[in-house]
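Commentary on secondary and tertiary structure
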Amino acid sequence: MRRTAAVVLASGVAVGALGAGLAGASNGDRTKDVRAAVKGGKARNVILLIGDGMGDSEITAARNYSVGAAGRLNMDRFPLTGAYTTYALQKANPKLPEYVTDSAASGTGWATGHKSYNGAISVTPDGKPKKTILELAKSAGFRTGDVTTAELSDATPAVLASHVVDRSCQGPADMKSCPANAKENGGAGSIVEQQVQTGADLYLGGGKARWDQTVKAGKYKGKTVIDQAKNSGYNVVTDAAGLAAAKPSRNGKLLGLFADVNMPQEWTGPLARTGGTDPSKCTPNQQFSGPHLSQMATKAINVLDGQSRHGKKGFFLQIEGASIDKRDHAADPCGQIGETVEFDKAVKAALDFARRNPDTLVVTTADHGHTSQIIPLEAKSPGQTATLITADGAQMKMNYATMPAGESQEHTGTEVRIAARGPQAANVTGVTDQTDLFSTITRALGVRR
């Protein structure tokens, strides 16, 4: 298949000309590629990438804007793709589904293999903790890591290394909704305290203000959680330069805290509003100081690979693009798209590693769908809209209408994409559930509950 010329946009993204097909396909016949991609057996490494709130509409908007309708993102290039269901359980009656999940219940699903209620962090509806993929991998001798652009104590990173009955219980001062989990009441502590105790080899993200809180009971009473982390062997870095300089060590641990709360968004632009906006383009966020998610992802992969390279076991790493969801809540199309494009760069880092290390399972998916929709330019939406000029030089109208203007937009209950390559990747095809991902990953790693 003849390659088309590339067009370079002002954003620096190379775009295939309109009408270009899937790279690597022969006249559209992918039979051989798909057959070659089906592998059983064990994986030495697993990299799980979560685009928070990244439903098919969010992916399509990012593709249209950044590489054009006929272009392809890195996440589009996985050989095996399916969809999975995302529902939670009703807290008052766990026999019934909660059709629209939050990130806590959905994360609990793939982290533990158990459904739970919205707000639950790796506990079942009766409040009982369940072992997570990260905990099982660590116990089996794998190196482990957890990366996010949100606070490290936010739901998606939290489900891997902590167990509390409410996602709000992020630091020692935030335990109002989880009294039984509090250290001073004999519990395991807040999310950040438990993350230190679980002891993943690497945590990178935001949320420094939670780690600056003071421990209220136990060995570290009166000290901050950062003090606890340092005493537990973590090298703490707080900026892009510190991350770049951090060296992989066989026994050391790395904690990166790059913002007091969530990390700043990559792009800015007009928010959607009732009645719409003039057609416009997105611009880089001048308040962004780094590191980018792709830089954190690359560093995490290099550190964990360096630590495990000479051992019998590899690593398990989760990487979250958190603010796709957060900017969707804010009806911010440029913010949302910029986060998706940066997440896609992290996907590329994972795929590049897997090409060099084919015993690596890479999975990319979302935790739930979200609000944004691409609608006709002439549509008279009762919601908030914004119009962007895409890589094709065309206008794209984005609509946000799950809540009234001025209120946080809502998740949706749709199934979402899941794609994979490497050992056990075939198990994401068809329509599965989030809890099935737990089985796929634990089977690949050869670990059991």
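One can find the structure itself at the top, above this paragraph.
For every chain, the first residue of its written sequence is number 1, and the numbers climb from 1 along that sequence. A pLDDT threshold of at least 70 governs which residues receive local features in this predicted model, and a stricter bar of 80 or more applies before side-chain atom pairs are shown or counted, although totals over entire chains, interfaces and linings include all residues. Side-chain metrics in this entry use all non-hydrogen atoms of the structure; hydrogen atoms and water are not considered.

We now examine the overall build of the protein chain. Scanning the protein chain from N- to C-terminus turns up 13 helices and 20 strands. C-alpha atoms define the radius of gyration, and 2.2 Å times the number of residues to the power 0.38 defines the globule rule. Taken against the 2.2 N^0.38 rule, which gives 22 Å for 449 residues, the C-alpha radius of gyration of the protein chain at 21 Å falls within 12% of a compact globule. Considering only C-alpha atoms, the protein chain reaches an extent of 60 × 50 × 50 Å along its principal axes. Note on classification: 1.4 Å probe, protein chains only; a residue is buried when its accessible area is under 20% of the maximum for its type, exposed when over 50%, partly exposed between these limits. Out of the 449 residues belonging to the protein chain, those deemed buried represent 56%. By the convention used here, residues are in contact when the closest approach between their heavy atoms is within 4.5 Å. Restricting the contact set of the protein chain to residue pairs at least 6 apart, pairs at least 24 apart contribute 71%. Areas reported as accessible are Shrake-Rupley estimates using a 1.4 Å probe. Residue values count occlusion only from the protein chains shown. Surface exposure of the protein chain reaches about 18000 Å², of which carbon and sulfur atoms provide 49%. Counting rule applied: Lys, Arg positive; Asp, Glu negative; His and chain ends not counted. A charge is said to be at NZ when it belongs to Lys, at CZ for Arg, at CG for Asp and at CD for Glu. Separation of charge centres in the protein chain, based on 51 positive and 42 negative side chains, amounts to 8 Å. Starting at the N terminus, helices and strands are each numbered in turn, a helix being any DSSP run of H or I of at least four residues and a strand any DSSP run of E of at least two.

By convention in this document, the label disulfide applies to cysteine sulfur atom pairs within 2.5 Å. Considering all chains together, one arrives at 2 disulfides under this definition. Across a sulfur-sulfur distance of 2.1 Å, C282 and C334 are joined as a disulfide pair. When the S-S torsion is -85°, as for the bridge of C282 with C334, the disulfide is left-handed. A residue pair is termed long-range when its members are at least 10 positions apart, and C282 in the loop between strand 12 (273–274) and strand 13 (283–284) and C334 in helix 12 (residues 333–356) qualify at 52 residues. On the accessibility criterion, C282 (13% relative accessible area) is buried.

Regular strands place their side chains on alternate faces of the sheet. When you tally the buried positions in strand 8 (residues 202–206), you get 5 out of 5 residues, the bulk of the element. The rule for pairing is simple: two strands pair if DSSP sees at least two bridges between them. Bridging between strand 7 (residues 143–151) and strand 8 involves 4 bridges; their strand directions are parallel. Residue pairing for strand 8: D146 is matched across the bridge by Y203. Summarising the sheet, strand 8 and strand 10 (residues 253–257) pair through 4 bridges and their orientation is parallel. Along strand 10, the bridge assignment pairs L202 with L254.

Another point: the nonpolar core. Within soluble globular proteins, side chains that are nonpolar tend to cluster in buried spots. In this structure, I47, W211 and F316 are the most contacted members of the largest nonpolar core, which totals 94 residues. Ranked by size, the runner-up nonpolar core spans 15 residues in total, among them Y65, C282, I337 and M396. Definition of nonpolar core: a set of buried residues of the types Ala, Val, Leu, Ile, Met, Phe, Trp, Tyr and Cys, connected through side-chain atoms within 4.5 Å.

Let us now look at the sheet that holds strand 10. An order of 9-10-8-7-14-3-15-19-4-20 is seen for the 10 strands of this open sheet, with the pairing classed as mixed. Looking at which strands have only one partner, the edges of the open sheet turn out to be strand 9 (234–237) and strand 20 (430–433). Recorded for the sheet is a direction-independent mean angle of 15° between the axes of neighbouring strands. Relative to strand 19 (residues 416–421), strand 15 (residues 360–366) is paired through 4 bridges, and the arrangement is antiparallel. Along strand 19, the bridge assignment pairs T364 with A419. A fitted line through C-alpha atoms serves as each axis, taken over the contacting stretch for helices, and the angle formed by two N-to-C directions is quoted from 0 to 180°. Seen against the sheet, helix 10 (residues 293–308) touches strand 3 (45–51), strand 7, strand 8 and strand 14 (315–321) and runs at an angle of roughly 175° to strand 14. Sheet strands touched by helix 12: strand 3, strand 7, strand 14, strand 15 and strand 19. Its angle to strand 3, the strand with the most contacts, is close to 170°.

On to the pattern of salt bridges. Once their charged atoms are close, side chains differing in charge can pair, the charge on each being opposite to the other. The term salt bridge refers to a pairing of a side-chain nitrogen on Lys or Arg with a carboxyl oxygen on Asp or Glu at a separation within 4 Å. Applying the stated criterion to the full structure yields 16 salt bridges. The partner of E151 in a salt bridge is R210, and the shortest N-O contact between them spans 2.7 Å. Of the two residues, E151 sits in strand 7 while R210 sits in helix 7 (residues 208–211), which places them 59 residues apart along the sequence. As far as burial versus exposure is concerned, E151 and R210 are alike and both buried. Between K208 and D212 there is a salt bridge, and its shortest N-O distance comes to 2.9 Å. Residues joined by salt bridges that share partners form a network here, namely D102, D154, R167 and K326.

Right, let's talk about the environment of G422 for a bit. Structurally, G422 can be placed in the loop between strand 19 and strand 20. Residues G422 and I59, spaced 363 residues apart in sequence, show a C-alpha to C-alpha distance of 22 Å. Leaving out residues up to four positions away in the same chain, G422 has contacts with A37, K39, T360 and L361.

This part is about the pairing of strand 7. A large share of strand 7 lies buried, amounting to 9 of its 9 residues. Bridge count between strand 7 and strand 14: 6 bridges; the pairing is parallel. Following the sheet pairing, G145 is matched in strand 14 by L317.

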